[in-house]
Amino acid sequence: MDKKIKEQGIITATEQITSDIYGMWVKTAQIAQNAKPGQFAAIYCKEGSRLLPRPISICEIDKEAGILRFVYRVVGKGTDEFSKLTAGDKIELMGPLGNGFPLESENVILMGGGIGIPPMLEVAKQMKGKVSVVLGYRDAENFLKSEFEPYADVYVATEDGSVGTKGNVIDAIKANSLNADTIMACGPVPMLRGIKQYATENGIDAWLSMEERMACGIGACLACVCKSKEKDSHTNVQNKRVCKDGPVFHMSEIDLD
């Protein structure tokens, strides 16, 4: 089992990417050295009334500098607090948490939807084989798109049709006649459900990263369970803890129906 480390990091830079999406780079003593693409960290607020950490996926890993990049959407008081931090501020975090994506594939399509896009960037950077990336957005606010382009062929789907294919990520795959041995994806459940169905129908292997709400981050509280095909040894019921057993699952492990 990978070691979970709790430490105080130092913010080296921050940015506002869109009206509600922010990024921050955090220098750590150990967490960055142990992080893998697809994992996340639990980041603690300074406000004492907010006891539970906020789970945020790792967008980029710089092991040499010991720096992690986090890109997140402001959705509540905790992430709003993070958005106001600046370079030089200290922040407590625990990680790396969960598992990551397998990186050995000869021909892979990486898919991200909404705030499920950031964790796919480090996957694209470290993937060994041929890589295509399909990103799903609501509109023309295509955050991070240009950052994928040095590592892969990038295709876009937008709900309003303002950029790329009008529709969802599966529509973009079909419109661009993309083929692969493996799909790896992160996004909301309806998107993952569609990807699992598409992969099953076309004989494609798929790894899916879930975005369930988390609390403890270590598998103790059962706040982030998802349905699974087999019984969980911890609870003896058919579920998986996203924070501990995931967030990345093989499509055969989880039930999205």
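Shown above is the structure to which this text applies.
This structure is a prediction, so every number in the text was calculated from the model and none was measured. (Residues numbered from 1 in each chain as written. Predicted model: local features only at pLDDT ≥ 70, side-chain atom pairs only at ≥ 80, totals over all residues. Heavy atoms only, no water.)

A. Layout of the overall build of the protein. If you tally the helices and strands in the protein, you get seven helices and 15 strands. Here the protein, with 257 residues, has 50% of them falling under the buried criterion. Across the protein, every contact between residues at least 6 apart in sequence was considered, and the portion connecting residues at least 24 apart equals 59%. As presented, the protein carries roughly 11,700 Å² of accessible surface, and 46% of it is formed by carbon and sulfur atoms. (Helix = DSSP H or I, 4+ residues; strand = E, 2+ residues; numbered from the N terminus. Buried < 20%, exposed > 50% of the residue type's maximum accessible area, 1.4 Å probe, protein only. Contact = heavy atoms within 4.5 Å. Areas by Shrake-Rupley, 256 points an atom, 1.4 Å probe, with all protein chains shown as cover.)

B. Just the environment of Arg-193, in detail. Positionally, Arg-193 belongs in helix α6 (residues 189-201). Note: C-alpha distance between Arg-193 and Met-251 (58 residues apart in sequence) is 9.5 Å. Excluding residues that lie within four positions of it along the chain, Arg-193 makes contacts with Leu-256 and Asp-257.

C. Structural view of unusual backbone geometry. Of the consecutive residues Gly-95 and Pro-96, the connecting peptide bond is found in the cis state with omega at -10°. Turning to its location among the elements, Pro-96 is positioned in strand β6 (residues 90-97). Positive phi values are uncommon outside glycine, yet Leu-144 reaches one of about 70°. The residue Leu-144 is located in the loop between β8 (130-137) and α4 (145-148) in this model.

D. The packing of aromatic side chains, seen in detail. This structure, assessed with the given rule, holds three aromatic pairs. Ring plane angle 90° and centroid distance 6.3 Å describe the contact between Tyr-72 and Phe-82, whose orientation is recorded as edge-to-face. Of this pair, Tyr-72 sits in strand β5 (residues 67-73) while Phe-82 sits in helix α2 (residues 77-83), placing them 10 residues apart in sequence. Here Tyr-72 falls in the buried class, since its relative accessible area comes to 4%. With a centroid separation of 5.5 Å and 80° between ring planes, the pair formed by Tyr-137 and Phe-143 is classed as edge-to-face. Tyr-137 gets classed as buried once you look at its relative accessible area, which sits at 5%. The class of Phe-143 is buried, set by a relative accessible area of 7%. Here the aromatic cluster, defined as three or more aromatic residues joined through ring pairs, consists of Tyr-22, Tyr-72 and Phe-82. Positioned over the ring face of Tyr-44 is Lys-6, at 4.4 Å from the centre of the ring. (Phe/Tyr/Trp six-rings, centres within 6.5 Å; stacked < 30°, edge-to-face > 60°. Lys NZ or Arg CZ within 6 Å of the ring centre and 35° of its normal.)

E. Helix α3 (residues 118-126), seen in detail. Summarising burial for α3: seven of the nine residues are buried, a large majority. If you check which residues of α3 are buried, you get Pro-118, Pro-119, Met-120, Leu-121, Glu-122, Val-123 and Ala-124. Where α3 is buried, its residues contact β4 (54-62), β5, β7 (107-113), β8, α4 and β11 (182-186).

F. Local environment of the sheet that holds strand β3 (residues 40-43). Strands sit in the order β1-β2-β5-β4-β3-β6 around a closed barrel of six strands; the barrel is antiparallel. Within this sheet the neighbouring strands show an average axis-to-axis angle of 45°, counted without direction. The strands touched by α3 are β4 and β5; relative to β4, the strand with the most contacts, the crossing angle is about 25°. (Pairing = 2+ DSSP bridges. Axes fitted to C-alpha atoms, helices over the stretch in contact; angles between N-to-C directions.)

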